[in-house]
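Here is how the chains run, residue by residue.
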Amino acid sequence: MTLTKLTTLLFSHSSHRLCMAASPMPQQFSVGILATIAASVEADWNQAFNFSSNLDFLISCIQKTKGDIALRLCTAAEMKFYFKSLFEKSESANYLKPNENCNFTSWISGCEPGWACSSGQNQHVDLQNSDDILARTHNCQPCCDGFFCPHGLTCMIPCPLGSYCPLATLDKTTGVCEPYKYQLPPEKPNHTCGGANIWADVGTSSEVFCPVGSYCPTTVKKIPCSSGHYCRMGSTSEKRCFKLTSCNQSTPSQNSYAYGIMLIAALSTLLLIFYNFSYQVLTTRNRTLDKSREAAAKNASKIANSWKYAADAAKNFASGLPAHLSPKFSRKTDVPGAPLHPSALSSSLSSPVPSKGKQKESGELIQMSETEDNPESFERCIFGPEDTIVGNVSSGKLTHTHSQIFKYAYAQLEKEKAQQQDYEDFTLPGVVKITNNIETRKRPLIEISFKDLTLTLKAQNKHLLRCVSGKIKPGCITAVMGPSGAGKTTFVSALAGKAIGCKVTGLILINGKNEAIHSYKRIIGFVPQDDIVHGNLTVEENLWFSAKCRLSADLSKADEFLVTERVIESLGLQTVRNSLVGTVEKRGISGGQRKRVNVGMEMVMEPSLLILDEPTSGLDSASSQLLLRALRREAFEGVNICMVVHQPSYALFKMFDDLVLLAKGGLAVYHGSAEKVEEYFAGLGVNVPDRINPPDYFIDILEGIVTIERSSSVYYKELPIRWMLHKGYSVPPDMWHSTAGLASSSTVGNSIDETNIAAAEMEEPSVSASLWKYIKTNVELHCDSIWLNFLKSKDLSNRRTPGVLRQYKYFLCRVGKQRLREARIQVVDYLILLLAGACLGSLAKVSDHNFGALGYTYTIIAVSLLCKIAALRSFSLDRLHYWREAASGMSSLAHFLAKDTVDHFNTVIKPLVYLSMFYFFTDPRSSLADNYIVLLCLVYCVTGIAYALAIFFDQGAAQLLSVLLPVVLTLTATQPQDSEILKILANFCYPKWALEAFVIANAESYSGVWLITRCGTLFKSGYDLHDWNLCVTVLIITGLVSRAIAFFCMLIFQK
């Protein structure tokens, strides 16, 4: 018992000296190396040398050394000398540098590997002495079990936990002391094999590490792993295999593929449940709304028809009633055939009548007759007297539920149909009623007048539009026509303030004031020539989203629904309202319906000015007339409509109010009433032949295809000047000069054109001049685009649209629906990640020598590449949609945040999908949670970088960079950092921080005998065990900065 206490006290003293010996080492070693071992150096050393559970090997050593073990232990100076030598290049790999005891003149037996000597009984031993190496030359003998004695030192150092340090045995065949691989010294026949001679990294001293398939509870005891357990290299205990796993006691890890399969199965089940549940919820909700909507529509239509039938019956009864009444009830002789006014009818019926039933019947019929002049009574019939609608907002809680909203909307639609019928019948009461209806004039009016409007292309100094004057008026449909290249699209783009890369001169007035058109952006609709519609949304969803974001924020939900329903009905889209619009790859609605949806997205925001670029192109005559009738109803509410049209039919042409006819070069040939265009051209001697469509004939003349009659003295190139002279506009002097003599013959004009072309060919600029002009033009174009994007004008539209938060909610719902409908693409992404995890996990096993750095390097490249490619789709595929929405005033911040928020779902799921294969195939020592956190931050980081690439570059270049960047940055980060430049470059590479976080998380699980291996590996790579939080933070900050850059580019370059 006394011996046990003595040995425990002695070892506690020795273990403390081991830590103290490491502390006073030179600054480069102690701070730069040992600080990377753990957060607490002393705690790690105590963990490695805490033998308090079993001191048998120490008791055996005390007995072997006859009690002078304290005189054989290395002092702080000797330990510092040994550990320092591990990180320095020694001249000989067999022994340390010469020292006081072992040098070229003095080499005793204790200097040999595995041997140690005593300092003598009379010499004082100070184990804390870190300056001088103590002289040890007495009683040299083999090193004790559980200790190692370095080659070139005459002292002993305890072997750390996880090592196996028995006495060596001589292999007579090879002459090597097994298992330590050192040989006996020559010319010393009495020298025997000693103990262990080295403890360093696993590559240098793997013989002292407890081998795979065994565990070493002490440094002198090795026990084979039992069945159902596995033992890694350097283990102090065996680990039980998890259930459902297979493991061999001779292998370093368990086969946990089953857990990976279970994890991916559970993840797949959750994803299927989530997607199916979300899809079913949306489907069920849509079906319920459809049924409620259809019921409300049928009910409103049924009541309207019944009410109309009763009103007709009341009219018939009222017209025949005077013949049945006695003349004594009337003091006035009725004019035969004259209709009886309702007030007169009411007063005549106020006197008593013989039959009470007849009196009741007559009162009801009169009330029905009054309904025609009082539409509110129709609403009371549907809702009841307690739910009367006042203006646009119903009283009480009428419009809080969907059914009430539907009732309200369809009642209003039936009311508008009745008013429209009166307008079409052109009855006097109907015209008066519609004219005096305040609700149809609730939009502000916009009149645009322009004088000498000229657009010159900056790059080529070429006129796209020249000296165009006139005005487009509210309540009218103005058609812009002309041959190809006449500047029709340029004209409407100039009116909408969208002319980029051009020099604009002239004057554009808004309601007679010189104000910027951008000040009215919220009440201006612009329909682009291409059908920019979300293909993975339904017709109703496209219209509903545009209405939600662009209508007034003060508008009630019922009125928003009413506006959308009115547009759907006017455009004839009722049958396809729940059909996906479709894309090029996936068929949806027809091309004509898609074109009408494109127009409807601007109609639902109730614009005051609606500009359409070729809305009838690709439509048949019936669809075009349906679209024009819808636009006519918009014009009836005071909307100023200007549209570019290509070769309309005669029936379509008669529906236009005004006509702007442009010739090539952007010159106006006619601007006025569409009904008077033939009269104007007839005055010039240009008569339209019979059975020829006038607009086609005029365009053919302007193209030069059809020659003007010889009786006319007008040449087709003189038509713009004739119009200027007709309207009294000033004609530019160069136009007089260029047209001189053209009227004489067309051959002269042709010769002039040929001469100009030849002269232009002779003046072809050089290659360098063309290149400089191209660069200059692109720079100016980008500058104009940036200026236009950041142009801030005072809002004069008096419309307060929803704020960023409300639009963020709308965008979030839209993007969520789009992602649900793209579930198949998400599944493909997950399968590719799953396959990558399985392949890399099988090929790149986690090595104990480098703590799995190679496998983690492959992981960073693979995950970065796959996640970047997938994240590019978020912004590169709907670039045109963003341009349109941003130009209409929708919030770019809400658009960006909604997409990023929905992508967070993939950011959370994809690391789990990958680790479900990779982690359980490699079975690293770090926990699944640590690997998931690092991979989560990595995916967040690369997703932000992908956003920036998708927004700034074209799709092809963005995909190429997404493939190259992970490889190049990872190679840069893993190169030996021999210079400061490489270190600085590596710090800007996100793979460096991700790899460091992975390696640190794995290295923290290595202790005991692995301390020097961990220390050397981290020091060589430049990693610090304290920096795991820093690495994760850098990845997150990189993701945030990348997103900020992406959003900034999206605002500046409108990409």
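The residue numbering used here restarts from 1 in each chain and proceeds along that chain's sequence as written. Per-residue local features of the predicted model are confined to residues with pLDDT of at least 70, and side-chain atom pairs are confined, for both listing and counting, to 80 or more; whole-chain, interface and lining totals are unaffected and use all residues. To get the side-chain values, all heavy atoms of the structure are used, and hydrogens and water are removed first.

## Examining the overall build of the protein chain
Spelled out, the test is: Going along the chain from the N terminus, every DSSP run of H or I of four or more residues is numbered as a helix, and every run of E of two or more is numbered as a strand. Throughout, exposure labels follow a simple rule: accessible area from a 1.4 Å probe, protein chains only, divided by the maximum for the residue type, with under 20% read as buried, over 50% as exposed, and the rest as partly exposed. Computed with the Shrake-Rupley method and a 1.4 Å probe, the accessible areas treat only the protein chains shown as cover for residues.
Of regular secondary structure, the protein chain possesses 34 helices and 22 strands. Taking all 1055 residues of the protein chain together, the buried fraction comes to 49%. If you sum the accessible surface of the protein chain, you get close to 51000 Å²; carbon and sulfur atoms cover 58% of it.

## Remarks on the nonpolar core
Put simply, the rule reads: Residues enter a nonpolar core if they are buried and are Ala, Val, Leu, Ile, Met, Phe, Trp, Tyr or Cys, with the set joined through side-chain atoms within 4.5 Å.
Counting 126 residues, the largest nonpolar core has Y82, F147, M156, W199 and Y914 as the members making the most contacts within it. Looking at this core element by element, the count peaks at 15 residues for helix α29 (residues 928–952). F450, L631, V644 and F681 belong to the second largest nonpolar core, which has 86 residues in total.

## Thoughts on the side chain of N536
Under the convention used in this document: Here, two residues are considered to be in contact whenever any of their heavy atoms come within 4.5 Å of each other.
Structurally, N536 can be placed in the loop between β18 (524–527) and α13 (539–550). Excluding residues within four positions of it along the chain, N536 makes contact with L580, Q818, R821 and E822.

## Quick look at the confidence of the model for the protein chain
Detailed reading of the predicted coordinates is not advisable wherever pLDDT falls low. Put simply, the rule is: Across the chain, each position has a pLDDT score giving the predictor's confidence in that residue, from 0 to 100.
The predicted model of the protein chain has a mean per-residue pLDDT of 78, with 76% of residues at 70 or higher. Confidence drops under pLDDT 50 across residues 5–11; counting only partners more than four residues distant or on other chains, this segment forms 11 contacts. Under a pLDDT of 50 for its full length, residues 13–39 has, in the predicted model, 59 contacts with residues more than four places off or in other chains.

## Some words on the packing of aromatic side chains
Definition in use: Centres within 6.5 Å make a pair out of two Phe, Tyr or Trp rings, where for Trp the six-membered ring is used; the pair is then stacked when the planes are under 30 degrees apart, edge-to-face when over 60, and tilted otherwise.
Per the counting criterion, the structure on display carries 30 aromatic pairs. A ring pair is formed by F49 and F51, whose centres lie 6.4 Å apart and whose planes are at 75°; its orientation type is edge-to-face. Members of the aromatic cluster, joined through ring pairs, are F49, F51, F57, Y82, F83, F147, F148 and W199.

## Observations concerning a nonpolar patch on the surface
Note the threshold: For patch building, the residue pool is restricted to those with more than 30% relative accessible area and no salt bridge; the joining distance is 9 Å between like charges and 5 Å between nonpolar side chains (Val, Leu, Ile, Met, Phe, Trp, Tyr). Only one rule defines a salt bridge in this text: a Lys or Arg side-chain nitrogen within 4 Å of an Asp or Glu carboxyl oxygen.
Where nonpolar side chains cluster on the molecular surface, the patch consists of L960, L964, V967, V968 and L971 and spans about 420 Å² of accessible area. Tracing the sequence through the fold places V968 in helix α30 (residues 955–974). Of the residues examined, V968 reaches a relative accessible area of 46% and is grouped as partly exposed.

## A few points about the packing of helix α24 (residues 804–821) against helix α28 (residues 892–922)
Heads up, the rule is: In this description, a line fitted to the C-alpha atoms serves as the axis of each element, helices being fitted only across the stretch in contact, and the angle between N-to-C directions of two axes falls anywhere from 0 to 180 degrees. With respect to orientation, any angle under 35 degrees is reported as roughly parallel, any angle over 145 as roughly antiparallel, any angle of 65 to 115 as roughly perpendicular, and every other angle as oblique. Crossing handedness is read from the near helix: turned anticlockwise from the far helix by less than a right angle, it gives a left-handed crossing, and turned clockwise, a right-handed one. All residues other than Ala, Val, Leu, Ile, Met, Phe, Trp, Tyr, Cys, Pro, Asp, Glu, Lys and Arg, Gly among them, are scored as polar; the first ten of these are nonpolar and the last four charged.
Following both chains from N to C, one finds α24 and α28 inclined at 45°, their axes separated by 8 Å at the closest point. Taken as axis vectors, α24 and α28 run oblique relative to one another. α24 and α28 meet at a crossing whose hand is right-handed. For the pair formed by α24 and α28, the contact residues are V804, Q807, Y808, F811, L812, R814, V815, G816 and R819 on the first element and L893, A894, H895, L897, A898, K899, T901, V902 and D903 on the second. In terms of residue class, the contact of α24 with α28 is made up of 10 nonpolar, 4 polar and 4 charged.

## Re the packing of helix α32 (residues 990–1003) against helix α34 (residues 1028–1053)
Look at α32 against α34: their axes get within 9 Å of each other, and the N-to-C directions meet at 145°. Crossing handedness for the pair α32 and α34: left-handed. Where α32 approaches α34, its residues Y990, W993, A994, E996, A997, I1000 and A1001 are matched on the opposing element by W1028, L1030, C1031, V1034 and L1035. The class makeup of the residues in the contact of α32 with α34 is 11 nonpolar, no polar and 1 charged.

## Describing the pairing of strand β21 (residues 658–663)
Put simply, the rule is: At least two bridges found by DSSP between two strands are what make those strands a pair.
With 6 of 6 residues buried, β21 lies mostly within the body of the structure. Of the two faces of β21, the one carrying D658, V660 and L662 and the one carrying L659, L661 and A663 are both buried. Pairing of strand β16 (residues 477–481) with β21 involves 4 bridges; the strand directions are parallel. In the sheet register, V480 faces β21, and the bridge partner there is V660.

## A look at unusual backbone geometry
Of the consecutive residues E178 and P179, the connecting peptide bond is found in the cis state with omega at 5°. Position of P179 among the secondary structure elements: in the loop between β6 (176–178) and β7 (182–183). Although it is not a glycine, E614 adopts a positive phi angle of roughly 55°. Positive phi, close to 60°, is recorded for R691, a residue that is not glycine. One can find R691 in the loop between α18 (677–683) and α19 (694–703). Residue classification places R691 among the exposed positions, given a relative accessible area of 88%.

## Regarding the pattern of salt bridges
All chains considered together, the criterion is met by 30 salt bridges. Across the pair D923 and R232 runs a salt bridge, and its minimum N-O distance is 3.4 Å. One end of the pair, D923, is in the loop between α28 and α29; the other, R232, is in the loop between β10 (229–230) and β11 (239–240), with 691 residues separating them in the sequence. Overlapping salt bridges, with partners in common, bring together R443, E634 and E637 in one network.

## Considering the state of the cysteines
The cut-off we apply is this: Note on terminology: disulfide denotes any pair of cysteine sulfur atoms within 2.5 Å.
The full count for this structure, using the stated rule, is 9 disulfides. The disulfide partner of C159 is C165, and the gap between their sulfur atoms is 2.2 Å. Taking the sign of the torsion about the S-S bond as the criterion, the disulfide between C159 and C165, at about -110°, is left-handed. When sorted by exposure, C159 lands in the same class as C165, which is buried. Covalent S-S linkage joins C210 and C216, the inter-sulfur distance amounting to 2.1 Å. Between C210 and C216 the disulfide shows an S-S torsion of about 85°. By sign, it is right-handed.

## Describing the sheet that holds β7
Pairing within the open sheet is antiparallel, and its 3 strands lie in the order β5-β6-β7. At either end of the open sheet lies a strand with only one pairing partner, and these are β5 (169–171) and β7. Where β5 and β6 come together, 3 bridges link them in antiparallel fashion. By the bridge assignment for β6, D171 is matched with V176.

## Brief notes about α29
The cut-off we apply is this: Any helix carries an expected span of 1.5 Å times its number of residues minus one.
Across its 25 residues, α29 extends 36 Å between first and last C-alpha, which sits within 8% of the 36 Å expected from 1.5 Å per residue. Along α29, 19 of the 25 residues are buried, which leaves the element largely enclosed by surrounding structure.

## Looking at helix α20 (residues 719–727)
The complete set of buried residues in α20 reads L719, P720, I721, W723 and M724. Positioned one or two residues after α20, G728 has a phi angle of 80°, which is positive.

## Details of the environment of S130
Structurally, S130 is set in the loop between β1 (115–118) and β2 (138–142). When the C-alpha atoms of S130 and M79 are compared, they prove to be 8.5 Å apart, with 51 residues separating the residues in sequence.

## Details of the environment of R566
Note on placement: R566 falls in helix α14 (residues 557–570). Given a relative accessible area of 17%, R566 falls into the buried group. Linking R566 and M603, residues 37 residues apart in sequence, is a C-alpha distance of 9.7 Å. For R566, the contacting residues outside a window of four places in its chain are L413, E416 and E606.

## Comments concerning the side chain of S570
Here is the rule: Any N or O atom pair separated by 3.5 Å or less is treated as a polar contact, with the protein-specific requirement of one donor-capable and one acceptor-capable atom, and with residues adjacent in sequence counted only for side-chain atom pairs.
Checked against the element boundaries, S570 lands in helix α14. Judged by its relative accessible area of 8%, S570 falls in the buried class. At 3.0 Å, the side chain of S570 forms a polar contact with the backbone oxygen of V567.

## Details of the environment of D559
Relative to the helices and strands, D559 resides in helix α14. You can call D559 buried: its relative accessible area is 5%. Each C-alpha atom of the pair D559 and I405 lies 8.4 Å from the other, and the pair is 154 residues apart in sequence. Side chain to side chain, D559 and S556 meet in a polar contact 3.0 Å long.

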